Amino acid sequence: VNEKDPIMLRSCFGASATIRDICSTNNNRRTVNSQLLVDRCMEFVTAHPDCFVRCHYGPTEQRRTNDETWVFANWYEIGHWSGDSCGIMTPNPPLPMACEGQTRFKVSEDDEPKIEELVVTRTFTEWENALIAKKKCEDVNNHYIFSSNNDNELLRSMVITAEKAARAAGKVILDGQESLDSSVSEQKVNIKDIVTKYDKITQDVIEQTIRKEFPHPSFLGEENVAAGGDASTEALARALSNGSDDYVWIVDPIDGTANFASGLNLCGVTIAVVDKKTNKALIGVIYDPHREEMFVAVDGRGAYCNQKPIQSNNNASLLQDTIINAGCPADPNAFAASMRGASALNSKCRGLRVIACSALTLAWIASNRLGAHFGYDLSSWDLVAGALIIREAGGKITNINGSPYDVQTRSMLATTKSCSGGVHDEILQV
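Quick caveat: nothing in here was measured; it's all calculated off a predicted structure. The numbering scheme is per chain: residues are counted from 1 as the chain's sequence reads. pLDDT decides what is reported in this predicted model: residues at 70 or higher carry local features, side-chain atom pairs at 80 or more are listed and counted, and totals for whole chains, interfaces and linings draw on all residues regardless. Only heavy atoms go into the side-chain values, all of them from the structure, while hydrogens and water stay out.

**Quick look at the overall build of the protein chain**
Spelled out, the test is: Helix and strand definitions here come from DSSP, where helices need a minimum of 4 consecutive H or I residues and strands a minimum of 2 consecutive E residues; each element is numbered from the N-terminal end. Both definitions apply: the radius of gyration is a C-alpha atom measure, and the globule rule equals 2.2 Å times residues to the power 0.38. Summary of the burial criterion: residues with accessible area below 20% of their type's maximum are buried, those above 50% are exposed, and those between are partly exposed, where the area comes from a 1.4 Å probe applied to protein chains only. When checking whether two residues touch, look at their non-hydrogen atoms; a contact exists if any pair is within 4.5 Å. In this description, accessible areas are obtained by the Shrake-Rupley approach with a 1.4 Å probe, and a residue is regarded as covered only by the protein chains that are shown. The convention is simple: Lys and Arg are positive, Asp and Glu are negative, and His and the chain ends are not counted. Charge positions come from single atoms, namely NZ of Lys, CZ of Arg, CG of Asp or CD of Glu.
When you go through the protein chain residue by residue, the secondary structure sums to 11 helices and 22 strands. Taken against the 2.2 N^0.38 rule, which gives 22 Å for 430 residues, the C-alpha radius of gyration of the protein chain at 24 Å falls within 12% of a compact globule. Dimensions of the protein chain, computed from the C-alpha atoms along their principal axes, are close to 70 × 50 × 40 Å. Put simply, the protein chain has 430 residues, and 50% of those count as buried. Across the protein chain, the fraction of contacts at a sequence separation of at least 24, relative to all contacts at a separation of at least 6, is 64%. Split by element, the accessible area of the protein chain, about 20000 Å² in all, is 49% carbon and sulfur. Side-chain charges of the protein chain comprise 42 positive and 55 negative groups, with the mean position of each set lying 2 Å from the other.

Right under this line is the structure:
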């Protein structure tokens, strides 16, 4: 920033770097092209041409953690917002800066050390606040699913809120795993059906985010329901029939809790919105925070991953070419049925998986990473969002007995479009 030299700045990095901006609107750790970091810095310099960085102390202190070298810098910036940048006009008169923070740099051990990772905690300048507000406005007015701001304003607002809630929940999941404090706090039906303290925290974050935009929603979250299939069936029936709102939000804050508690990056957030009048899902959102993948579907408007349309067609039109995921339910009888199905299919398909996260497996069928998934004794929060995403991506989902899927279905088979004919029927028969 002081040198205002993009070539020098670029020389500090390799081809890419991992960045986590703790205070930004998207603070998940992500790896980005180093040139993008340089470009972002130069945008800031353009808006603040007279800015100068000074350090309270550092960057001289180095600490080694797990054989990693980190350099700490505690800094503040002085200057003014006095230049136009990114379509944001300079205020008149120019505003002074008030920005400070800490940056931690992880540096390589090479002969010519490069910055590999940055962790930034900071305040924002007035220009950055204006840029964030501009982006939020653009996101609302130019949503990738809706053609205009007047195109079903309520549905648009619900989708934006669901995505925001899912991302906020994803941050809790990542923070929980990073803190190494994701241990089991409660056991439900048996040792397979567990709860961590982050399940409730994550659900609260989702509900609070929804209530900011929709103060009195009908809300069905897994952590508010007693254990067992009967309890979840009754809770869904109540949610669909009670309350003054026309819609019910169905949420699983951490699908794949056992994976999460074990440190496996195989869990996700699911949020669905169902029309009470028709019992039909209108919105389905599945967020994988570890891969930063947001799967979204809106009834009649297609399915998307990170705002790009997806089609569920992996060209595996034969059972022998299909990779199938088997469900791993907590109920012993349902688990036995699932394993019998896996055993019967094992010699007929290319491979079997037991990922133990319905959210991800359904999203992966919609995006062509798996051919099929069958599961027993699942709750609405496990299925509704994923079922809509698969359907809008062109895949097929039915009850395990072959009857049509609906939001009350508890045992199901989902397949890609290419498997939705003979392969789907063949698996049902097995």
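**Details of the packing of helix α9 (residues 358-366) against helix α10 (residues 380-392)**
The following threshold applies: For every element, the axis is a line fit to its C-alpha atoms; helices are fit only across the contacting stretch, and the angle between N-to-C directions ranges from 0 to 180 degrees. Note on terminology: angles under 35 degrees are roughly parallel, angles over 145 are roughly antiparallel, angles of 65 to 115 are roughly perpendicular, and the others are oblique. Residues are grouped as follows: nonpolar covers Ala, Val, Leu, Ile, Met, Phe, Trp, Tyr, Cys and Pro; charged covers Asp, Glu, Lys and Arg; every other residue, Gly included, is treated as polar.
Taken N-terminus to C-terminus, the directions of α9 and α10 make an angle of 5 degrees; their axes are 9 Å apart at the nearest point. When the interaxial angle is binned, α9 and α10 end up roughly parallel. Facing Ser 358, Leu 362, Ile 365 and Ala 366 of α9, the residues of α10 in contact are Asp 382, Leu 383, Gly 386, Ala 387, Ile 389 and Ile 390. Residues belonging to the contact of α9 with α10 are distributed by class as follows: seven nonpolar, two polar and one charged.

**Side note on the packing of aromatic side chains**
Just so we agree on the cut-off: Ring pairs shown here join Phe, Tyr and Trp side chains whose ring centres sit within 6.5 Å, with only the six-membered ring taken for Trp; geometry is labelled stacked below 30 degrees between planes, edge-to-face above 60, and tilted in between.
Enumeration over the complete set of coordinates arrives at five aromatic pairs. Between Tyr 198 and Phe 260, the ring centres sit 6.0 Å apart and the planes meet at 75 degrees, which makes this aromatic pair edge-to-face. You can see Tyr 198 sitting in helix α5 (residues 197-213) and its partner Phe 260 sitting in helix α7 (residues 257-261), a full 62 residues away along the chain. By relative accessible area, which is 10% here, Tyr 198 ends up buried.

**Observations regarding the pattern of salt bridges**
Here is the rule we go by: Salt bridge criterion: a side-chain nitrogen from Lys or Arg within 4 Å of a carboxyl oxygen from Asp or Glu.
Scanning all chains against the criterion turns up 14 salt bridges. We note a salt bridge from Arg 369 to Glu 293, for which the minimum N-O separation is 2.8 Å. A residue pair is termed long-range when its members are at least 10 positions apart, and Arg 369 in the loop between α9 and β20 (372-375) and Glu 293 in strand β15 (residues 293-298) qualify at 76 residues. Ionic pairing is found between Arg 391 and Glu 392, a salt bridge with its closest N-O pair at 3.4 Å. For Glu 392, a relative accessible area of 16% gives the class buried. Overlapping salt bridges, with partners in common, bring together Lys 280, Asp 299, Arg 391 and Glu 392 in one network.

**Brief notes about empty space enclosed by the protein**
Filter applied, for reference: Cavity and pocket criteria rest on a 1 Å grid covering protein atoms alone: a 1.4 Å probe that fits but cannot get out defines a cavity, protein on both sides within 12 Å along at least 5 of 7 lines defines an open pocket, and an atom within 4 Å of a point defines a lining residue. Grid points are joined across faces, edges and corners, and a volume is the space filled by probe spheres set on the points.
All chains considered together, the criterion is met by two cavities of 30 Å³ or more. Looking at the largest cavity, its volume works out to about 60 Å³. Looking at the largest cavity, the residues that line it are Ser 232, Thr 233, Leu 236, Leu 378, Ser 379, Ser 380, Val 407, Gln 408, Thr 409 and Arg 410. Counted by class, the lining of the largest cavity contains three nonpolar, six polar and one charged residues. By volume, the second largest cavity is sized at about 30 Å³. Lining the second largest cavity, in full, are Val 1, Lys 4, Asp 5, Met 8, Leu 9, Cys 41, Met 42 and Val 45. Of all elements in the fold, only α1 (6-10) and α2 (34-47) reach the threshold of two or more residues within the lining of the second largest cavity. Residue composition of the lining of the second largest cavity, by class: six nonpolar, no polar and two charged.

**Overview of the nonpolar core**
Formally: We call a set of buried Ala, Val, Leu, Ile, Met, Phe, Trp, Tyr and Cys residues a nonpolar core when their side-chain atoms join them within 4.5 Å.
Ranked by internal contacts, the top residues of the largest apolar core, which has 42 residues, are Leu 220, Ile 250, Val 274, Phe 295, Ile 310 and Ile 389. Every residue in contact with Ile 310, bar those within four places of it in the chain, is listed here: Phe 295, Ala 303, Tyr 304, Cys 305, Ala 366, Ser 367, Ile 389 and Ala 393. If you look at the next biggest cluster of nonpolar residues, it comprises 33 residues, including Phe 214, Phe 219, Val 273 and Tyr 304.

**Overview of the environment of Met 339**
With respect to the secondary-structure elements, Met 339 resides in helix α8 (residues 332-346). Given the relative accessible area of 28%, Met 339 is considered partly exposed. Taking the C-alpha atoms as reference points, Met 339 and Leu 37, 302 residues apart in sequence, are found 49 Å from one another.

**Remarks on the pairing of β20**
How we decide: Two strands qualify as a pair provided that DSSP identifies no fewer than 2 bridges between them.
The side-chain alternation of β20 yields two buried faces, one formed by Ala 372 and Phe 374 and the other by His 373 and Gly 375. Here three bridges tie strand β18 (residues 323-326) to β20, and the two strands are oriented parallel to one another. Bridge pairing in β20 places Ala 326 opposite Phe 374. The pairing of β20 with strand β22 (residues 412-415) spans four bridges and is classified as antiparallel. Each bridged residue has a counterpart across the sheet, and for Ala 372 the counterpart in β22 is Thr 415.

**Some words on the sheet that holds β18**
Taken in spatial order, the five strands line up as β19-β18-β20-β22-β21 in an open sheet, and their pairing is mixed. The open sheet terminates on both sides in strands that have one partner only, identified here as β19 (351-353) and β21 (396-399). Across the sheet, the axes of successive neighbouring strands diverge by a mean angle of 15 degrees, strand direction being ignored. The sheet contact formed by β18 and β19 spans three bridges and is parallel. Directly across from Ile 324, in β19, lies its bridge partner Leu 352.

**Observations regarding the confidence of the model for the protein chain**
Put simply, the rule reads: Confidence of the predictor in every single residue is expressed as pLDDT, which spans 0 to 100.
Predicted confidence across the protein chain gives a mean pLDDT of 88, with 91% of residues reaching 70 or more. For the protein chain, strand β9 (residues 184-187) is the element with the lowest average pLDDT, namely 61, and strand β13 (residues 268-275) is the one with the highest, namely 98.

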